[in-house]
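Residue-level structure breakdown
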Amino acid sequence: MVALVLLFAGFAALVAGLAVFLHRRRGGPTENLDGLLAERERLARLRAARSSYSSIAMHSTHGLTTDDLARYRR
């Protein structure tokens, strides 16, 4: 019984450690120019999507079409 509790405690510690590692890694600066350019492109696509599909723009429409989804899912 003690071994089972220790096993689950080890799994919990492993999951918590991975979560902290991934959270810290995601918030760090971009490593190189390629990453910076990709990040800028992604943010530009997000800005375009926010302005094109705001609540005012979407009033009385059908929302995103499949063509639009393909454009923003890169």
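1. Observations concerning the overall build of the protein
From N to C terminus, the protein includes four helices and zero strands. Counted from the first residue to the last, the protein has its helices and strands arranged as α-α-α-α. By residue count, 3% of the 74 residues in the protein fall in the buried class. Just so you have it, the protein exposes about 6,900 Å², and 64% of that area is on carbon and sulfur atoms.

2. Details of the confidence of the model for the protein
With 65% of its residues at a pLDDT of 70 or more, the protein has an overall mean of 78. Averaged over each element, pLDDT in the protein is lowest for helix H4 (residues 66–72) (58) and highest for helix H1 (residues 2–26) (91).

3. Observations concerning the pattern of salt bridges
Within the structure shown, the criterion is met by one salt bridge. Across the pair arginine 45 and glutamate 41 runs a salt bridge whose closest N-O atoms are separated by 3.1 Å. Taken together, the residues arginine 45 and glutamate 41, both in helix H2 (residues 33–52) and four residues apart, mark about one turn of the helix. Judged by relative accessible area, glutamate 41 falls into the partly exposed class, the value being 46%.

4. Comments concerning a nonpolar patch on the surface
Residues Met1, Leu4, Val5, Leu7, Phe8, Phe11, Leu14 and Leu18 make up a contiguous nonpolar surface patch of roughly 870 Å² in combined accessible area. Turning to its location among the elements, valine 5 is positioned in helix H1.

Cut-offs applied
- Residues numbered from 1 in each chain as written.
- Predicted model: local features only at pLDDT ≥ 70, side-chain atom pairs only at ≥ 80, totals over all residues.
- Heavy atoms only, no water.
- Helix = DSSP H or I, 4+ residues; strand = E, 2+ residues; numbered from the N terminus.
- Buried < 20%, exposed > 50% of the residue type's maximum accessible area, 1.4 Å probe, protein only.
- Areas by Shrake-Rupley, 256 points an atom, 1.4 Å probe, with all protein chains shown as cover.
- pLDDT = per-residue confidence, 0-100.
- Salt bridge = Lys/Arg side-chain N within 4 Å of Asp/Glu carboxyl O.
- Patch = residues over 30% accessible without salt bridge, like charges linked within 9 Å, V, L, I, M, F, W, Y side chains within 5 Å.

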